[in-house]
Amino acid sequence: MSPQRKDAEGRLEAGPSWESLVERQIRDAMSQGAFDDLPYQGERLPLEDDSAAGEWAMAHRMLRNAGAAPPWIESDKEARRLMAELEALMERAPRMSGSARGRARADVRRIVAAANAAILRVNSEAPTDRQHRRPLDVDREAVRLEEAFRDG
């Protein structure tokens, strides 16, 4: 619908609107077939559940679509990656040879230190304490590794 306004003599007149310009450009593009090969044509667009993001849902969706994330989420990804690396090491431990066990002990200390650094970043950057992670205990992880060696 074009905006209406009164001219100098009080008569209503309709002016051009951006909406009509945009609609015309869309119609022209449609007639030229610009939208023919779009994904999900004739289907509902798959929408992800952003209900937990609240009023930040749109901002999070835009960042995700751009391949970016807030710094605390990137730090959390790094912490999760390191914790997964630690768990993979624990799973391999029962099958390790004697020489590999020495390297594994050093790897546990290295991985725990790196994970704790990432966890510290998460805890300092996260907007609320709900996103915080508990640091790993290097001594507890070393004991877990020794127990895993005994299981093998």
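Residues numbered from 1 in each chain as written. Predicted model: local features only at pLDDT ≥ 70, side-chain atom pairs only at ≥ 80, totals over all residues. Heavy atoms only, no water.

Of regular secondary structure, the protein chain possesses five helices and two strands. The linear arrangement of helices and strands in the protein chain, starting from the amino end, is β-β-α-α-α-α-α. Looking at the protein chain as a whole, 21% of its 152 residues qualify as buried. Look at the contacts in the protein chain between residues 6 or more apart in sequence, and 53% of them connect residues 24 or more apart. Carbon together with sulfur atoms contributes 53% to the accessible area of the protein chain, which is approximately 11,600 Å² in total. (Helix = DSSP H or I, 4+ residues; strand = E, 2+ residues; numbered from the N terminus. Buried < 20%, exposed > 50% of the residue type's maximum accessible area, 1.4 Å probe, protein only. Contact = heavy atoms within 4.5 Å. Areas by Shrake-Rupley, 256 points an atom, 1.4 Å probe, with all protein chains shown as cover.)

Phi is positive for Tyr40, which is not a glycine, with a value near 65°. Relative to the assigned elements, Tyr40 resides in the loop between helix H1 (18-31) and helix H2 (57-65). Tyr40 sits in the partly exposed class, given a relative accessible area of 42%.

Counting 20 residues, the largest nonpolar core has Leu86, Val108, Leu136 and Leu145 as its most contacted members. Contributing elements (two or more residues each) for this core: helix H3 (71-92), helix H4 (98-125) and helix H5 (138-151). Broken down by element, this core gets its largest block of residues, eight residues, from H4. Beyond its immediate stretch of four places on either side in the chain, Leu86 contacts Val108, Ile111, Val112, Leu136 and Glu141. (Core = buried A, V, L, I, M, F, W, Y, C linked by side-chain atoms within 4.5 Å.)

Let us look at the packing of H4 against H5. Contact pair H4 / H5: the axes reach a minimum separation of 10 Å and the direction vectors enclose 150°. If you check the angle between H4 and H5, you find them roughly antiparallel. Our pair here, H4 against H5, has a crossing hand that is right-handed. For the pair H4 and H5, contact is made by Arg101, Ala104, Arg105, Val108, Arg109 and Val112 and by Val138, Asp139, Glu141, Ala142, Leu145, Glu146 and Phe149, respectively. (Axes fitted to C-alpha atoms, helices over the stretch in contact; angles between N-to-C directions. Parallel < 35°, antiparallel > 145°, perpendicular 65-115°, else oblique. Left-handed = near helix turned anticlockwise from the far one by under 90°.)

Let us look at the pattern of salt bridges. Considering all chains together, one arrives at ten salt bridges under this definition. The shortest N-O distance in the salt bridge between Arg81 and Glu78 comes to 2.8 Å. Here Arg81 and its partner Glu78 are both found in helix H3, three residues apart, which amounts to about one turn of the helix. Arg81 gets classed as partly exposed once you look at its relative accessible area, which sits at 43%. Assessed through its relative accessible area of 27%, Glu78 is described here as partly exposed. (Salt bridge = Lys/Arg side-chain N within 4 Å of Asp/Glu carboxyl O.)

In this model, the protein chain carries an average pLDDT of 86, and 88% of its residues clear a pLDDT of 70 or more. Between the elements of the protein chain, mean pLDDT differs from a low of 68, seen in strand E1 (residues 4-6), to a high of 95, seen in H4. (pLDDT = per-residue confidence, 0-100.)

Next up on the list: the side chain of Asp76. For Asp76, the location among the structural elements is in helix H3. Given the relative accessible area of 11%, Asp76 is considered buried. Setting aside its immediate chain neighbours within four residues, Asp76 contacts Val122 and Arg133.

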